[in-house]
Amino acid sequence: MGIPKRKLNVNLYPEKILGERRQELLEKITKSDTYLPETILHDDMDMGFLEYVNKNFKVVSNNVQIPIINKILTIQRWGEFTQNWSFSNEDGNMELPFVAIIRKPDVQYGTNPSVQRTIPDRYQFHYATVPTWNGTTMGADIYKIPQPIPVDISYEVTIICNRFRDLNKFNKKVLQRFPSRQDYTRVKGHYIPIVLDGIDDTSPMEALDGRRFYMQNYKFTMLGFLIDSEEFEVSPAVSRLFIMSEFTNENANMRKYQNKSLSLTNVNFTGNGTQTLYSVGESIGTLFGVSVNGVLQEKGNDFYHITYTHKITFVTPPPANALILITYYKGRNNVILDTYGKVIQVDKEVFTYTGSTVTFNVSNPISSVITLDINGLVEDEGSGYTVGEQSVTLLGYPVVGSVITVSYLY
Amino acid sequence: MNNKLPITRMSKFLSQDDFDLNIQMGEEYLHGDLNMKLVLYRVDRQKTENDDVYAEVGTDEIKYFPPIEFNGLVKIEEPKNVAYKTGLLRYLEPGNMTLSVYIKHLEELKIDIRYGDYIGYPESETRTRFYTVTNDGKVTSDNKHNMFGYKPYYRTITCTPVQDSSFRGV
């Protein structure tokens, strides 16, 4: 048995760095000024592959770097005939040696295991909750993105040259990047694997009297994924309102606000042709209207009501089977508070139509109109009249001399 | 081999004098009337150092003998529009050049044309195209290269165009 080593200050358990690393990766894919990942689409990956080849596959032949065509070659004629590459000769032909990159047009469903077949369909998933503050309100935005779509993009990097040694150099350069058959590149911050699928040689060796050159194809597959910012969703989460009150002394009177909704009570009766007194069964705080078969009755003329009592007394009995509607607010007094404790008051104003204008200005800014009637016939808001800040406007023209009565809250 | 075997066949119809006369008339037409001149760049295989493994040599590392002008009957095939890869990476270059050269003419110039030598053909005042010899035509045993079955009298040399990156004159 060996002698156990004396305990030294050796850190046997390395510091946990996974969290930091994840944060680092996250920052790389969100390089822009939002918290969302960068969009990555087909052309981004093509550009990423071009940059990868340009950076990693530099080979020098005859003291000159073998040029790499810095474009993905396509079948479009423009790309062939502009021949704007610096290594074209007088005839517009590319001088050997050179390296070209060709992408197979078909992009297949991807085999990248990290994004493959995890969840069926493409739902939006929670990505981040980002706090917001607009100066008065603190809240949060929910960022949602769909699952990235895995794609496999196949490329061929072709070297065309005259010398065997150039082939060897290029081959060494490529294989040094792929000791385990896979390498990585970063496209707009995203880590993308690249797999070397194989190498084949299509050199025209058999032509004795023709042009002879070496041509080797390195086949790669980029295991990419598509993330489209067009599909991102940003929606606000629940916002909270902070109301802060500050008092100058300890004995300040605090006003107690009540969360109270304004609820009006409607009570219906059916006339029998003889009865004149109708009771709603509770004290009427504020009486808004009494109508018989839709015709508004005038207090003091058609009926009588004593404030804070429960009775309505008609001057003449409403006809048999007449529909009697009594609308009132059953507060203890005629002061109504809204949900913030602000006092709501009731006013009723009467106008006579003179034929000059159908807009009638009231004395107070209108919070909401309770009733508007023309000669006792109730009009509906929207179809019979509209409400302005401190006015009502009829949408029709009544008979000159008509009496318009407006009851409203302010 | 210093011994020479005199050719006596066909002598009743074609003697050495007739043979020489025909060549003389041909040269008068080819060199005098047509006057198609070419420049031969012969590779100095002794001085050129090539690769130990692949026998390759860099573009600027090939050593040449002094260029020599010579005459020949030139035939150039029409150019072909071809591609390195299917449908992509096209190039358009002249077709192969075929030369017919009198053997006597080469002997008078004390030159030989061999595989790998370069030949320049000025297709205009400002543009010379270069070709490399891919078939030096040294074997002339066929009927076509023999005058009436008497003796070979010309060589057919096939050349392929080369790019400037391979050869651009000396």
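Heads up: the structure comes first, above all this text.
None of these values were measured; they are calculated from a predicted model. Within each chain, residue numbers correspond to sequence positions counted from 1 in written order. Key to labels: chains lettered from A, ligands numbered from 1, both in the order written. It should be noted that, the model being predicted, local features are given only for residues of pLDDT at least 70 and side-chain atom pairs only at 80 or more, the latter also being counted only at that level, while totals for whole chains, interfaces and linings use all residues.

### Quick word on the pairing of strand 11 (residues 214-226) of chain A
Residue and element names in this part refer to chain A. At least two bridges found by DSSP between two strands is the condition for calling them paired. The helix and strand labels rest on DSSP assignments: H or I over at least four residues marks a helix, E over at least two residues marks a strand, and numbering proceeds from the N terminus. With 13 bridges connecting them, strand 8 (residues 149-161) and strand 11 associate as antiparallel partners. By the bridge assignment for strand 11, Val151 is matched with Gly224. Strand direction decides the pairing type here: strand 10 (residues 190-201) and strand 11, joined by seven bridges, are antiparallel. Each bridged residue has a counterpart across the sheet, and for Gly198 the counterpart in strand 11 is Lys219.

### Focus on the interface of chain A and chain B
By the criterion used throughout, residues are in contact when their C-beta atoms, derived from the backbone, lie within 7 Å. Listed per partner, the contact involves 23 residues of chain A and 23 residues of chain B. Elements with a contribution of two residues or more to the side of chain A that touches chain B: strand 4 (98-103), strand 8 and helix 4 (164-177) of chain A.

### So, the sheet that holds strand 28 (residues 391-394) of chain A
Residues and elements named next belong to chain A. Ordered by their spatial adjacency, three strands build an open sheet running 24-28-27, and the pairing between neighbours is antiparallel. The sheet is open, and its two borders are formed by strand 24 (359-361) and strand 27 (385-387), each paired with just one other strand. Shown here is a sheet whose adjacent strand axes are inclined to one another by a mean of 20°, direction ignored. Where strand 27 and strand 28 come together, three bridges link them in antiparallel fashion. The residue bridging Val387 from the neighbouring strand is Val392, located in strand 28. Helix axes are fitted to C-alpha atoms over the stretch in contact, other axes to C-alpha atoms as well, and angles between N-to-C directions run from 0 to 180 degrees.

### Let's talk about unusual backbone geometry
Outside of glycine, negative phi angles account for most residues, and trans bonds account for most peptide bonds. Across the junction of Leu96 of chain A and Pro97 of chain A, the peptide omega takes the value 0°, indicating a cis bond. Within the secondary structure layout, Pro97 of chain A lies in the loop between helix 3 (77-81) and strand 4. The phi torsion at Asn375 of chain A lies on the positive side, around 55°, for a residue other than glycine. Here Asn375 of chain A shows up in the loop between strand 25 (368-374) and strand 26 (377-378). Overall, Asn375 of chain A belongs to the partly exposed group, with 14 C-beta atoms counted inside 10 Å. For Asn35 of chain B, which is not a glycine, the phi torsion comes out positive at approximately 50°. Exposed residues have 12 or fewer other C-beta atoms within 10 Å of their own C-beta, buried residues have 20 or more, and partly exposed residues fall in between, where C-beta atoms are placed from the backbone.

### Brief notes about the environment of Pro113 of chain A
Residues and elements named next belong to chain A. In this structure, Pro113 sits in the loop between strand 5 (108-109) and strand 6 (124-133). The exposure class of Pro113 is exposed, given the 11 C-beta atoms found within 10 Å. For Pro113 and Pro150, which are 37 residues apart along the polypeptide, the C-alpha to C-alpha distance reads 8.6 Å.

### Let's talk about the sheet that holds strand 9 (residues 154-161) of chain B
Residue and element names in this part refer to chain B. Across the sheet, seven strands lie side by side as 2-1-7-8-9-6-3; this open sheet has antiparallel pairing. Pairing within the sheet leaves two strands with one partner each, and these edge strands are strand 2 (68-71) and strand 3 (73-76). Direction aside, the axes of adjacent strands within the sheet are offset by 35° on average. Those strands touched by helix 1 (residues 16-34) are strand 2, strand 3 and strand 6 (97-102), and its axis lies near 135° from that of strand 6.

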